[in-house]
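Survey of secondary and tertiary structure
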Amino acid sequence: MKVLELNSVETGYGETQVLWGIDLSVEEGKITVLLGSNGAGKTTTLRVITGLLFPWKGSVLFKGEDISRVPTHKRVAMGVVMVPEGRRLWPELTVYENLELGAYTKRAREKFDESLELVYSLFPRLKERKNQLAGTLSGGEQQMLAIGRALMSVPSVLLLDEPSLGLAPKLVAEIMNVIRKLKEEEKLTVLLVEQNVHMSLQIADYGYVIEQGRITLEGSRDELEASDKIKKAYLGM
Amino acid sequence: MDISLLIISSIYGLFWGAILGFAAVGLTLLWGVMKVVNLAQGEMIILGSYVAVIIFAMVYNPFAGAIVALLLGLFAGFLVYWALLHKLVGKVEKITLKIEMSTLLAMFSLSIALMNFYYFIFGDEPRGFGLWNIGISNIKLGAMTVRTNVLLADVLSIVSIVVVYLFLERTILGKSIRAVMQDAQAASLVGIDPVKIKMLTAVLGIGLTTFSGFMVLLYESAVTPDIAHKYAPLSFVIVVLGGLGSVIGALIGGLIIGLVYGLSKGIVTFYNAKMSDPVALAVVFVILIVILLVKPEGLFGRKR
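Residues numbered from 1 in each chain as written. Chains lettered and ligands numbered in written order. Predicted model: local features only at pLDDT ≥ 70, side-chain atom pairs only at ≥ 80, totals over all residues. Heavy atoms only, no water.

Across its full length, chain A holds 11 helices and 10 strands. The globule rule puts the C-alpha radius of gyration for 237 residues at 18 Å, and the 17 Å found for chain A is close to it. Within chain A, the proportion of its 237 residues that are buried is 55%. For chain A, contacts bridging at least 24 residues in sequence account for 68% of all contacts bridging at least 6. (Helix = DSSP H or I, 4+ residues; strand = E, 2+ residues; numbered from the N terminus. Rg over C-alpha atoms; globule rule 2.2 N^0.38 Å. Buried < 20%, exposed > 50% of the residue type's maximum accessible area, 1.4 Å probe, protein only. Contact = heavy atoms within 4.5 Å.)

Okay, the interface of chain A and chain B next. Across the contact, 21 residues belong to chain A and 22 residues belong to chain B. Summed over both sides, the interface of chain A with chain B buries roughly 2100 Å², with 59% coming from carbon and sulfur. The three residues of chain A that bury the most area against chain B are His73, Trp90 and Tyr104 of chain A, which together make up 32% of that side's buried surface. The interface formed by chain A and chain B includes three salt bridges. Where lysine 175 of chain B meets glutamate 100 of chain A, a salt bridge forms, and the shortest distance between an N and an O atom there is 2.5 Å. For the pair chain A and chain B, the interface holds seven residue pairs in polar contact (both at pLDDT 80 or more). Listing elements by their share of the side of chain A that touches chain B, those giving two or more residues are helix 1 (42-50), helix 2 (72-78) and helix 3 (95-102) of chain A. (Buried area = accessible area lost by both parts, 1.4 Å probe. Salt bridge = Lys/Arg side-chain N within 4 Å of Asp/Glu carboxyl O. Polar contact = N/O pair within 3.5 Å; in protein donor to acceptor, adjacent residues only side chain to side chain.)

Moving on, we come to unusual backbone geometry. Residue and element names in this part refer to chain A. Phi at lysine 63 takes a positive value of approximately 50°, unusual for a residue other than glycine. Structurally, lysine 63 can be placed in the loop between strand 4 (57-62) and strand 5 (65-66). Look at lysine 63 and you get partly exposed, because its relative accessible area is 44%.

Now for the domain arrangement of chain A. Residues and elements named next belong to chain A. For chain A, the assigned domains read domain 1 (1-79 + 156-168 + 187-237) and domain 2 (87-154). Each partner contributes to the interface: domain 1 provides 11 residues, whereas domain 2 provides 11 residues. Between domain 1 and domain 2 the total buried area reaches about 710 Å² when both faces are included, carbon and sulfur atoms providing 64% of it. The tally of links between domain 1 and domain 2 comes to zero salt bridges. Inspection of the domain 1/domain 2 interface yields two residue pairs in polar contact (both at pLDDT 80 or more). Going through the elements one at a time, helix 2 and strand 7 (157-161) are the ones with two or more residues in the side of domain 1 that touches domain 2. Looking at the side of domain 1 that touches domain 2, the element that brings in the most residues is helix 2, giving three residues. For the side of domain 1 that touches domain 2, the per-class residue count stands at nine nonpolar, two polar and no charged. (Domains from an automatic or database assignment. Nonpolar A, V, L, I, M, F, W, Y, C, P; charged D, E, K, R; others polar.)

All names here are of chain B. Burial of helix 2 (residues 25-34) is extensive: 10 of the 10 residues sit out of reach of the surface. All buried positions along helix 2 are accounted for by Val25, Gly26, Leu27, Thr28, Leu29, Leu30, Trp31, Gly32, Val33 and Met34. Backbone geometry just after helix 2 places lysine 35 at a positive phi near 55°.

Moving on, we get to the sheet that holds strand 6 (residues 80-83) of chain A. Residues and elements named next belong to chain A. With mixed pairing, six strands are arranged side by side in an open sheet as 6-7-8-3-9-10. On the outer flanks of this sheet lie strand 6 and strand 10 (214-220), each paired with one strand and no other. Strand-to-strand twist in this sheet, taken as the mean axis angle between neighbours without regard to direction, amounts to 20°. Relative to strand 8 (residues 189-194), strand 7 is paired through five bridges, and the arrangement is parallel. Following the sheet pairing, leucine 158 is matched in strand 8 by valine 190. Helix 7 (residues 139-152) rests against strand 6 and strand 7 of the sheet, and its axis sits at about 175° to strand 6. In the packing of helix 8 (residues 169-186) onto the sheet, the strands contacted are strand 3 (31-35), strand 7 and strand 8, and the crossing angle to strand 8 comes to about 155°. (Pairing = 2+ DSSP bridges. Axes fitted to C-alpha atoms, helices over the stretch in contact; angles between N-to-C directions.)

Turning our eyes to something else, we now look at the pairing of strand 1 (residues 2-13) of chain A. Residue and element names in this part refer to chain A. Where strand 1 lies against strand 2 (residues 16-27), nine bridges are found, and the strand directions are antiparallel. Following the sheet pairing, leucine 6 is matched in strand 2 by leucine 24. Here strand 1 folds back onto strand 2 in antiparallel fashion, the turn holding two residues, of which glycine 14 has a positive phi close to 60°. Pairing between strand 1 and strand 4: five bridges, direction antiparallel. Each residue of the ladder has a partner; that of glutamate 5, found in strand 4, is leucine 61.

Next up on the list: a nonpolar patch on the surface. Together, Val286, Ile289, Val290, Leu293 and Val294 of chain B give the surface a local cluster of nonpolar side chains, amounting to about 510 Å² of exposed area. Following the sequence through the fold, isoleucine 289 of chain B ends up in helix 12 (residues 276-294). (Patch = residues over 30% accessible without salt bridge, like charges linked within 9 Å, V, L, I, M, F, W, Y side chains within 5 Å. Areas by Shrake-Rupley, 256 points an atom, 1.4 Å probe, with all protein chains shown as cover.)

Further remarks concern the packing of helix 3 (residues 41-59) of chain B against helix 10 (residues 226-242) of chain B. Residues and elements named next belong to chain B. Axis separation between helix 3 and helix 10 bottoms out at 7 Å; the angle between their running directions is 125°. One way to sum up the angle between helix 3 and helix 10 is to call them oblique. Crossing geometry of helix 3 relative to helix 10 is assigned as right-handed. Of the residues in helix 10, those touching helix 3 at Gln41, Gly42, Glu43, Ile45 and Ile46 are Ile227, Ala228, His229, Tyr231, Ala232 and Ser235. Class assignment of the residues belonging to the contact of helix 3 with helix 10 gives a composition of six nonpolar, four polar and one charged. (Parallel < 35°, antiparallel > 145°, perpendicular 65-115°, else oblique. Left-handed = near helix turned anticlockwise from the far one by under 90°.)

Attention now moves to the sheet that holds strand 2 of chain A. All names here are of chain A. Taken in spatial order, the four strands make up an open sheet running 2-1-4-5, and their pairing is antiparallel. At either end of the open sheet lies a strand with only one pairing partner, and these are strand 2 and strand 5. Pairing of strand 4 with strand 5, which is carried by two bridges, proceeds in the antiparallel orientation. Across the sheet, residue leucine 61 finds its bridge partner in strand 5, namely aspartate 66. This element, helix 1, spans strand 1, strand 2 and strand 4 of the sheet and lies at about 115° to strand 1.

What follows is the structure in structure tokens.
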């Protein structure tokens, strides 16, 4: 089943058009990756999916329902949850308070204890630091907290915007492992947006390549890994 | 000049400071959450005082006046949000300087309208509770006389600040207000409706401001439109000193400003009584300049 579907989505900021007809879908229980370099339109695609930006043309479907004009906070209640670029934590709230607010919606609050247990088991360090202010965490811990906060919202589809950005390779591998674990053990559906092609292809089921606001390549992981384009442009082979 | 004069001036200053601090709480909330600089702060404080006086005249019970002042302020906050602020700050992700200027002008217009309304209805004749006090005669401590009405105003101010603080620290709604204050977009990404939170802040902030008008009235004994011009600038200094959006900062800032004001006033009175208020006010503003130079985010504010 398709959890998310974008149909020829066009949008941009002010007068500047960024996306020129994006078609993309995310299958339930799979990890889909959206690859592309800086400025290709990856973050803009996520902003359209979360409702931080509305499409000029085309539509966004969630489980078959058109959500193109639904405001962000209502999409969260439906299960469209994003870990934004640059973490966007509340630095003056504690780790626990950040997680607590992750479970703000009624649907999420009902599963609060379960979610918290899951987050603490994935990231034991967050439990140790639960009373610390989020702003005092290290970069890796902040990324863990950002993912943890999103999990508290009980996502039907989890969108991750460049979780590897600014992290040491070892931490990137750890984060990728957690994402794989969430898919395998929690049956979570994931849309991962990354510049780190090598790392993200390792855990992906299906992928898209975006260039200058257009999807230029798509396919299963094996197809992408075998494609000359990916080899040349991103893997340096 | 002897030391007891300094001590007495300081204590009087602190008594006033707690009330000043509470009168600045609404200002710090609106400023912190949606960058609305409420230039009508002074007028909203005395709106509460006038309402308390009117209700007192009707039922001869000042507490009924206090409650009506609070309720009317909550409602006024609702009106101000939807009539003036929503179109400017409601759905914006990032409040730019341009929007700040627009809200500043909107609140400035409101302050002028309210001020003229007071002159039109009440003139500059002082209005108060007459000889009413809470029924305990004033307390004498050596050379000092503490009015029981002032004590009552202090207790109410501090209790109110603590209640607001606990609300912001402990409840989910309070935490979501702090979340919107720190990053409104991140708040919408966990399902918080920023419009709802902004509206709630306006309701709460303006409600607390008119409620503080009751304490101000107890302290000042009577209200004139001029009282607004006395409290508004001090509220701004307190918010900058305490840090935008910090309720505890407002209390501490209020106590510091009250102390500095009282002490300066006491010292100057000894030499030239006529000059005491202007000099004390000047000292307060020198402090404002020093904070802006040394610690612009305030005592409890966030570094940007």
